[in-house]
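# A closer look at the structure
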Amino acid sequence: MKILYFAHFREKTNVAEEIIDLPNGVTDVKSLIDWLISRNAGFSDAFSDQEHVRVAVNQEHVEFDMPVKKDDEIAFFPPMTGG
(Lines give C-alpha, C1' and ligand atoms only; values in the text may rest on other atoms or scores of the structure.)
Protein backbone atom coordinates (compact mmCIF):
# COMPACT_ATOMS: atom_id res chain seq x y z
CA MET A 1 0.00 0.00 0.00
CA LYS A 2 1.29 3.44 -0.88
CA ILE A 3 0.44 6.28 1.50
CA LEU A 4 0.89 9.94 0.62
CA TYR A 5 0.88 12.72 3.22
CA PHE A 6 0.20 16.35 2.30
CA ALA A 7 0.42 19.68 4.15
CA HIS A 8 0.41 19.35 7.94
CA PHE A 9 0.26 15.54 7.73
CA ARG A 10 3.67 15.63 6.05
CA GLU A 11 4.98 18.22 8.52
CA LYS A 12 3.83 16.36 11.65
CA THR A 13 4.95 12.90 10.53
CA ASN A 14 8.10 13.94 8.65
CA VAL A 15 6.99 11.56 5.91
CA ALA A 16 5.90 12.58 2.42
CA GLU A 17 5.11 9.09 1.21
CA GLU A 18 5.73 5.50 2.17
CA ILE A 19 5.04 1.97 1.07
CA ILE A 20 3.70 -0.32 3.79
CA ASP A 21 2.39 -3.86 4.04
CA LEU A 22 -1.29 -3.75 4.89
CA PRO A 23 -1.35 -4.32 8.67
CA ASN A 24 -3.48 -7.11 10.15
CA GLY A 25 -6.91 -5.82 11.11
CA VAL A 26 -6.80 -2.81 8.78
CA THR A 27 -9.84 -3.11 6.53
CA ASP A 28 -10.96 0.47 5.93
CA VAL A 29 -9.69 4.05 6.09
CA LYS A 30 -10.71 4.47 9.75
CA SER A 31 -8.79 1.41 10.89
CA LEU A 32 -5.80 2.58 8.83
CA ILE A 33 -5.88 5.95 10.60
CA ASP A 34 -6.13 4.19 13.98
CA TRP A 35 -3.10 2.07 13.08
CA LEU A 36 -1.14 5.14 11.91
CA ILE A 37 -1.94 6.95 15.18
CA SER A 38 -0.53 4.02 17.14
CA ARG A 39 2.85 4.30 15.38
CA ASN A 40 4.23 7.38 17.14
CA ALA A 41 3.48 10.84 18.51
CA GLY A 42 3.95 12.55 15.15
CA PHE A 43 1.20 10.46 13.56
CA SER A 44 -0.98 10.84 16.64
CA ASP A 45 -0.62 14.61 16.41
CA ALA A 46 -1.22 14.69 12.66
CA PHE A 47 -4.50 12.78 12.97
CA SER A 48 -5.67 14.25 16.29
CA ASP A 49 -8.52 16.27 14.73
CA GLN A 50 -10.19 13.75 12.47
CA GLU A 51 -12.92 16.24 11.51
CA HIS A 52 -10.21 17.93 9.42
CA VAL A 53 -8.83 14.82 7.75
CA ARG A 54 -9.61 14.31 4.09
CA VAL A 55 -8.64 11.14 2.31
CA ALA A 56 -8.48 9.80 -1.21
CA VAL A 57 -8.22 6.15 -2.16
CA ASN A 58 -6.82 5.64 -5.63
CA GLN A 59 -7.30 9.37 -6.31
CA GLU A 60 -10.99 9.44 -5.38
CA HIS A 61 -12.25 11.34 -2.33
CA VAL A 62 -13.80 8.85 0.10
CA GLU A 63 -15.25 8.58 3.59
CA PHE A 64 -13.58 6.78 6.51
CA ASP A 65 -15.67 3.62 5.99
CA MET A 66 -14.15 3.02 2.54
CA PRO A 67 -12.50 -0.43 2.39
CA VAL A 68 -8.77 -0.49 1.65
CA LYS A 69 -6.68 -3.15 -0.05
CA LYS A 70 -2.97 -3.90 -0.18
CA ASP A 71 -2.49 -2.37 -3.64
CA ASP A 72 -4.31 0.90 -2.93
CA GLU A 73 -2.84 4.38 -2.96
CA ILE A 74 -4.06 6.38 0.04
CA ALA A 75 -3.61 10.15 0.31
CA PHE A 76 -4.21 12.24 3.43
CA PHE A 77 -4.70 16.00 3.17
CA PRO A 78 -6.49 18.85 4.96
CA PRO A 79 -9.81 20.32 3.82
CA MET A 80 -9.45 22.48 0.75
CA THR A 81 -11.03 25.86 0.22
CA GLY A 82 -11.73 27.55 -3.03
CA GLY A 83 -12.32 31.05 -4.12
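All residue numbers refer to position in the chain's written sequence, counted from 1. Given that this is a predicted model, residues contribute local features only at a pLDDT of at least 70 and side-chain atom pairs are listed and counted only at 80 or more, while totals for whole chains, interfaces and linings are drawn from all residues. Note that water and hydrogens are dropped before the side-chain values are worked out from all heavy atoms of the structure.

## Let's talk about the overall build of the protein
Looking only at helices and strands, the protein features three helices and five strands. In sequence order, the protein lays out its α and β elements as β-α-β-α-α-β-β-β. The globule rule used here is 2.2 Å times the number of residues to the 0.38 power, and the radius of gyration it is set against is calculated over C-alpha atoms. For 83 residues, the compact-globule formula gives about 12 Å, and the C-alpha radius of gyration of the protein, at 12 Å, lands near that figure. Seen through its principal axes, the protein has C-alpha atoms that stretch 40 × 30 × 20 Å. When accessible area is computed with a 1.4 Å probe and restricted to protein chains, residues below 20% of their type maximum are described as buried, those above 50% as exposed, and intermediate ones as partly exposed. Buried residues in the protein amount to 39% of all 83 residues. Taking contacts inside the protein between residues at least 6 apart in sequence as the whole, the part at least 24 apart equals 53%. For the protein, the accessible area works out to roughly 5,100 Å², and carbon and sulfur atoms hold 48% of it. Residues scored as positive are Lys and Arg, those scored as negative are Asp and Glu, and His as well as the terminal groups of each chain are ignored. Just so you know, the charge point we use is NZ for Lys, CZ for Arg, CG for Asp and CD for Glu. Positive and negative charge centroids in the protein, built from 8 and 15 side chains respectively, lie 3 Å apart. We count a stretch as a helix when DSSP gives it H or I for four or more residues in a row; a strand needs E for two or more, and each element gets its number in order from the N terminus. In this analysis, two residues are considered to be in contact whenever any of their non-hydrogen atoms come within 4.5 Å of each other. The accessible surface values rely on the Shrake-Rupley method and a 1.4 Å probe; as for residues, cover is taken only from the protein chains in view.

## So, the pairing of strand S3 (residues 54–57)
Should DSSP find at least two bridges between two strands, the strands are taken to pair. Judged from the four bridges that link them, S3 and strand S5 (residues 73–77) form a sheet pairing that is antiparallel. For Arg54, the partnering residue across the bridge sits in S5 and is Phe77. Hairpin geometry of S3 and strand S4 (residues 60–62) is characterised by an intervening segment of two residues between the two adjacent antiparallel strands and by a positive phi of about 55° at Asn58.

## Thoughts on unusual backbone geometry
One non-glycine residue, Asn14, lies in positive phi territory at about 60°. Within the secondary structure layout, Asn14 lies in the loop between helix H1 (8–13) and strand S2 (17–19). At Gln59, a residue that is not glycine, the phi angle is positive and equals roughly 70°. Along the chain, the position of Gln59 falls in the loop between S3 and S4.

## Describing the pattern of salt bridges
Throughout this description, the term salt bridge denotes a Lys or Arg side-chain nitrogen within 4 Å of a carboxyl oxygen of Asp or Glu. Applying the stated criterion across every chain yields a total of five salt bridges. One salt bridge connects Glu17 with Lys2, and the closest N-O pair in it is separated by 3.7 Å. Remark: Lys2 occurs in strand S1 (residues 2–5) and Glu17 occurs in strand S2; sequence separation between them is 15 residues. According to the relative accessible area criterion, Glu17 is partly exposed, its value standing at 46%. For Lys2, a relative accessible area of 28% corresponds to the partly exposed category. Among the ionic pairs, Glu18 bridges to Arg39, the shortest N-O distance being 2.7 Å.

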